[in-house]
Amino acid sequence: MKSKSNYPTYTKGLLLLLFVLISNLGIAQTKVQQIEKLLSTYEAYDKFNGSVLVSDQGKVIYKNGFGMANMEWDIPNQPNTKHRLGSITKQFTAMLILQLVADGKLDLQKPVTTYLPDYPKASGDIITCHHLLTHTSGIPNYTSFPTFMKDNSRNPYTPDEFLKMFADKELDFTPGEKFSYSNSGYFLLGVIIEKLTGKSYEEMLKDKIFTPLNMNDSGYDNHWDILKNRATGYEKEGNGYVNSGYLDMTIPYAAGSMYSTVEDLFKWDQALYTTKILPKDYMTMYFEPQISAWGNSYYAYGWGVGYDKIGNSTDSIYTIGHGGGINGFNTNISRTTSNNSLIVLLNNTGGAPLNEITNSILAIIHGKEYDMPKQSVADAVMAVIDDKGIDAGISHYKKIKDSEAYSLREGEMNAIGYILLRSDRLDEASKIFLLVVEEFPTSWNAYDSYGESLMELGKNDLAIKNYRKSVEMNPNNLNGIETLKKLGDDVSDLVKEVKVSNAILETYIGEYELKPGFTLTVTLEGNQLKTEATGQQVVDIFPKSETEFYLKVVDAQLVFNKNDAGEIDSVTLFQGGQEMLGKRID
């Protein structure tokens with residue numbers, strides 16, 4: 001029996017504990033409510049249709065489904081809905097490769113011909129599995145072949161048969177020279193896995209990953225399998241949806257053939273904190289940054305890693321993630337290991353802004369400000385075009401484009417231009433692309449698209465003018481250069497080397513802060529200007545004028561800016577349709 005003197009202390013402690021539990025529950029509910037409202041708004045604006053799971057501190061705090069898994073039967077998406085993953089598959093392929101390394105069956109630095117003696121020696125003797133894992137092999141990406149979708153995507157192939165599609169092609173660059181995303185490289189990794197194990201890639205996924213982790217709702221998406229809770233893939237077409245085109249799943253193979261659920265991907269995420277399927281040293285290797293890739297990110301083995309901004313704040317956090325896109329589906333997985341959190345978004349209508357949604361959920365988890373989604377200018381304009389014609393659509397565009405209630409995005413406007421172009425509504429498409437050029441005059445892609453529509457209209461002189469503008473803005477636009485050649489234009493002036501004196505180059509040496517904790521360091525070696533982003537490798541940058549430079553390893557450009565005194569005080573980074581100003585700090 002407790003004394004009276006102890007009783008008040010015990011009661012006070014109990015009440016304090018109860019208050020903490022209630023407070024924590026309140027915080028959790030607030031996060032859940034914010035996530036629910038965010039995703040419901042994206043759904044209402046036709047910008048998300050799929051399944052979602054969010055965990056924090058290793059615990060699932062939210063999972064749900066939005067929209068329809070099957071629109072014809074009105075079957076809703078749920079957390080256990082099976083979605084195609086697309087390129088999220090690559091992290092599983094990389095895991096199988098590292099398991100072979102850990103077992104002593106494979107050396108990442110040995111040439112491909114060590115394991116595939118019949119692979120063409122010209123490339124197979126200089127490409128390693130490390131190159132394949134990091135998209136630095138130089139093997140042309142088969143999904144980018146001009147006739148791939150038309151001639152190959154619907155036909156079944158064995159891995160060895162399909163390997164012939166790209167094995168003999170000339171490399172785009174010397175292996176290890178730069179990053180260039182290639183599904184071909186991961187397809188080849190699947191073939192190597194099969195040759196070394198004597199089992200199919202599908203069997204290896206099941207035996208080495210799915211079964212040990214009880215991922216019972218994941219697998220290789222064979223067309224002939226009867227899969228309960230399988231989502232149908234759709235594509236947005238104007239203001240409605242159509243069934244996505246058929247893709248034989250022997251083709252994405254080890255680069256993108258998997259299906260899974262958000263719940264199974266949580267099991268996968270949690271297993272990656274353990275050594276259940278891979279020893280610790282190799283798990284460290286799995287996530288080690290290898291080469292500069294996109295924006296502030298670099299590529300590990302099957303993962304993009306780097307610092308992501310948290311909502312609207314200036315704070316950033318280290319994330320490990322990857323996106324995927326395959327006929328009718330786009331997907332995203334984002335892991336934040338510092339607080340054991342996970343965001344998984346699996347969308348079955350293609351083209352949803354999953355990175356944007358992920359960033360907002362990340363902000364909710366960390367208590368930062370974020371933007372709620374807005375209605376799409378492009379969707380609203382397309383609806384008016386379909387109802388009242390192109391002139392009414394353009395008039396509506398001018399009325400709403402600056403409205404706070406709408407969001408104007410280059411990619412979305414560009415997409416409706418291509419919808420019109422594919423429908424042979426060439427004049428209408430050209431008018432839309434012209435709007436994009438006028439609204440986004442610093443976008444090389446806008447001029448490229450406008451040039452394409454002009455070419456289709458037979459206005460070759462104007463097409464050449466716009467393609468030239470595109471290539472001048474982005475010398476890495478090789479498609480633009482090839483199109484100009486086909487149009488009979490002399491491109492010698494576009495591909496000539498620009499020389500900038502060392503005296504000028506030396507004025508750019510220094511450190512530029514793009515955001516807190518993330519800087520660009522510019523150095524000069526001989527007459528070659530180089531830059532290094534925080535946590536990334538040093539890369540060469542090439543001049544297209546005295547102040548404008550571009551990268552070859554990624555589609556990005558740098559412009560050095562002068563102040564009133566004529567001194568370089570900042571640099572502007574242009575990448576992915578965005579620009580970021582970095583003030584000189586050293």
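Residues numbered from 1 in each chain as written. Predicted model: local features only at pLDDT ≥ 70, side-chain atom pairs only at ≥ 80, totals over all residues. Heavy atoms only, no water.

### A short note on the pattern of salt bridges
And step 1. Inspection of the entire model under this criterion finds 25 salt bridges.
And step 2. Between Lys 121 and Asp 125 there is a salt bridge, and its shortest N-O distance comes to 3.9 Å.
And step 3. Across the salt bridge formed by Lys 485 and Glu 482, the nearest N and O atoms sit 3.4 Å from each other. Of the two residues, Lys 485 and Glu 482 are both situated in helix H19 (residues 478–486); the distance of three residues between them amounts to about one turn of the helix.
And step 4. Residue classification places Lys 485 among the partly exposed positions, given a relative accessible area of 45%.
And step 5. The exposure class of Glu 482 is partly exposed, given its relative accessible area of 41%.
And step 6. Here the salt bridges do not stand alone but share partners, grouping Arg 84, Asp 221 and Arg 230 into one network. (Salt bridge = Lys/Arg side-chain N within 4 Å of Asp/Glu carboxyl O. Helix = DSSP H or I, 4+ residues; strand = E, 2+ residues; numbered from the N terminus. Buried < 20%, exposed > 50% of the residue type's maximum accessible area, 1.4 Å probe, protein only.)

### Considering the confidence of the model for the protein
And step 1. Averaged over all residues, the pLDDT of the protein is 90; the fraction at 70 or higher stands at 93%.
And step 2. Throughout residues 1–26 the model reports pLDDT below 50, and contacts reaching past four residues in sequence, or to other chains, amount to zero contacts. (pLDDT = per-residue confidence, 0-100. Contact = heavy atoms within 4.5 Å.)

### A look at the layout of surface pockets
And step 1. Of the voids in this model, the second largest pocket is the one considered here, and its volume is about 420 Å³.
And step 2. Elements represented by at least two residues in the lining of the second largest pocket include exactly helix H5 (148–152), helix H9 (253–256) and strand E13 (316–326).
And step 3. Grouping the constituent residues of the lining of the second largest pocket by class yields eight nonpolar, nine polar and two charged. (1 Å grid on protein atoms, 1.4 Å probe; cavity = no way out; pocket = protein on both sides within 12 Å on 5 of 7 lines; lining within 4 Å. Points joined across faces, edges and corners; volume = space filled by probe spheres on them. Nonpolar A, V, L, I, M, F, W, Y, C, P; charged D, E, K, R; others polar.)

### A word on the nonpolar core
And step 1. In terms of nonpolar packing, the biggest core is built from 75 residues, with Phe 92, Ile 209, Trp 268, Tyr 286 and Trp 303 touching the most fellow members.
And step 2. A total of eight residues in this core trace back to one element, the largest contributor, which is helix H2 (residues 89–102).
And step 3. Beyond its immediate stretch of four places on either side in the chain, Trp 268 contacts Gln 91, Phe 92, Met 95, Ile 209, Leu 213, Met 215, Ile 277, Tyr 286, Trp 303 and Ile 333.
And step 4. Counting 37 residues, the second largest nonpolar core, distinct from the first, contains Val 377, Ile 416, Ala 463 and Ile 481. (Core = buried A, V, L, I, M, F, W, Y, C linked by side-chain atoms within 4.5 Å.)

### Notes on the environment of Ile 419
And step 1. Its location among the elements puts Ile 419 in helix H15 (residues 410–422).
And step 2. Relative accessible area serves as the criterion here: at 10%, Ile 419 is assigned to the buried category.
And step 3. A sequence separation of 16 residues divides Ile 419 from Ser 403, and the C-alpha atoms of the two residues are 24 Å apart.
And step 4. If we ignore the near neighbours within four places in the chain, the residues touching Ile 419 are Glu 237, Gly 238 and Met 382.

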